[in-house]
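Listed below, chain by chain, are the residues.
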Amino acid sequence: MHTPSDPDAILDDLCARHGTRQDQLLPLLHALQDRLGYVPPSLVQPIAQHFNLSRAEVHGVITFYHDFRSAAPARCVVKLCRAEACQSMSGDRLLAHAQQALGCGLHGHSADDSFALEPVYCLGLCASAPAMTVDDRVFARVTPARFDAVLADVTHAQTAEAV
Ligand code: FES
């Protein structure tokens, strides 16, 4: 019995729904990413077989479109505002702190994939800079200490969910 999160079972289901016409490759890839959050590299070969394409052709489509991810998304996305007002309010210092705290640069993931760090360009909170978001929550006047406190809360919540 397959679980709903079994990538092979999900691909089987999507292949059955989309058929084998090659114009269904993109819709299937989008549906796969919607279900799994990314397109696992291990599924490229079976997808190619299903559409009677080469592995390189499917890989080429996945890498051409920036929407597709080949790795699982981080559990939590931290976006630091890198626009002018936030930069002028110690935004660079906050970025350096965030990079050190998460152990990754912009566009990177923490080693355990708990956090992704991304730039954003103005959150409309310029008067309360520097600003950031953590998933869909917005924070203003973020100091390094506040950054640590917010991440500690998120980490605590992630741990509680996992128990
Ligand atoms: S510049 Fe950062 S919120 Fe506007």
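Parameters and conventions
- Every chain is numbered independently, its residues counted from 1 as its sequence is written.
- Local features are withheld for residues below a pLDDT of 70 in this predicted model, meaning they are given only at 70 or higher, and side-chain atom pairs are given and counted only at 80 or more; totals for whole chains, interfaces and linings count all residues.
- For side-chain calculations, the full set of non-hydrogen atoms in the structure is used, while hydrogens and water are omitted.
- Classification of ring pairs uses Phe, Tyr and Trp, with its six-membered ring standing for Trp, and accepts pairs whose centres are within 6.5 Å; under 30 degrees between planes counts as stacked, over 60 as edge-to-face, and the remaining range as tilted.
- When a residue's accessible area, from a 1.4 Å probe over protein chains only, is under 20% of the maximum for its type it is buried; when over 50% it is exposed; and in between it is partly exposed.
- A run of H or I in DSSP becomes a helix once it reaches four residues, and a run of E becomes a strand once it reaches two; helices and strands are each numbered from the N terminus.
- Pairs of N or O atoms within 3.5 Å make up the polar contacts considered here, provided that, within protein, one atom can donate a hydrogen while the other can accept it, and that residues adjacent in sequence are counted only when both atoms are side-chain atoms.
- A pairing counts as a salt bridge when a side-chain nitrogen of Lys or Arg comes within 4 Å of a carboxyl oxygen of Asp or Glu.
- A residue's pLDDT is the confidence the predictor assigns to it, expressed on a 0 to 100 scale.
- Pairing between two strands is assigned when DSSP locates at least 2 bridges connecting them.
- Residue contacts are defined here by distance: any two heavy atoms, one from each residue, within 4.5 Å place the two residues in contact.
- To define axes, lines are fitted to C-alpha atoms, for helices over the stretch in contact only, and angles between the resulting N-to-C directions are given on a 0 to 180 degree scale.
- As used here, the term nonpolar core means buried Ala, Val, Leu, Ile, Met, Phe, Trp, Tyr and Cys residues forming a set that is joined through side-chain atoms within 4.5 Å.
- Domain delimitation follows an automatic or database domain assignment.

Caption draft 1: Structural view of the packing of aromatic side chains. Scanning the entire structure with this criterion turns up two aromatic pairs. With centroids separated by 5.0 Å and ring planes inclined at 85 degrees, the aromatic side chains of F64 and Y65 adopt a geometry described as edge-to-face. Ring centres 6.3 Å apart and planes at 85 degrees place the aromatic pair Y65 and F68 in the edge-to-face group. Judged by its relative accessible area of 8%, F68 is buried. A connected cluster of aromatic rings, assembled from ring pairs, spans F64, Y65 and F68.

Caption draft 2: Spatial organisation of the environment of D13. Within the fold, D13 resides in helix α1 (residues 7-18). Between the C-alpha atoms of D13 and L32, which are 19 residues apart in sequence, the distance is 9.9 Å. There is a polar contact of 3.2 Å between the side chain of D13 and the side chain of R35.

Caption draft 3: How the structure looks around the pattern of salt bridges. Evaluated as defined, the whole model comprises four salt bridges. With a shortest N-O distance of 3.2 Å, R35 and D13 are connected by a salt bridge. With a gap of 22 residues between them, R35 in helix α2 (residues 25-36) and D13 in helix α1 connect regions that are remote in the sequence. Relative accessible area serves as the criterion here: at 41%, R35 is assigned to the partly exposed category. Look at the salt bridges and you will find they share partners, linking D13, R17 and R35 into a network.

Caption draft 4: Spatial organisation of the confidence of the model for the protein chain. Per-residue confidence for the protein chain averages 92 on the pLDDT scale, and 96% of its residues sit at or above 70. Per-element mean pLDDT across the protein chain ranges from 87 in helix α6 (residues 144-162) up to 98 in helix α3 (residues 44-50).

Caption draft 5: Quick look at the sheet that holds strand β2 (residues 108-109). In space, the five strands of this open sheet follow the order β2-β3-β1-β4-β5, with mixed pairing throughout. The open sheet has two edge strands, β2 and β5 (137-139), and neither has a second partner. Sitting on the sheet, helix α5 (residues 84-102) touches β1 (76-81) and β3 (115-120), and the angle it makes with β3 is about 160 degrees.

Caption draft 6: Quick peek at the pairing of β1. Pairing between β1 and β3: six bridges, direction parallel. If you follow C81 over to β3, its bridge partner there is V120.

Caption draft 7: Representation of the nonpolar core. If you look at the biggest cluster of nonpolar residues, it comprises 21 residues, and the most contacted ones within it are L25, L28, L29, L32, I47, V58 and I62. Among the secondary structure elements, those contributing two or more residues to this core are α1, α2, α3 and α4 (55-64). Top contributing element to this core by residue count: α2, with six residues. Excluding its chain neighbours within four sequence positions, the residues that come into contact with L32 are I10, L14, G37, Y38, V39, P40, L43 and I47.

Caption draft 8: Region of interest: the domain arrangement of the protein chain. According to the domain assignment, the protein chain consists of domain 1 (7-64) and domain 2 (76-162). Relative to domain 2, the C-alpha centre of domain 1 lies at a distance of 34 Å.

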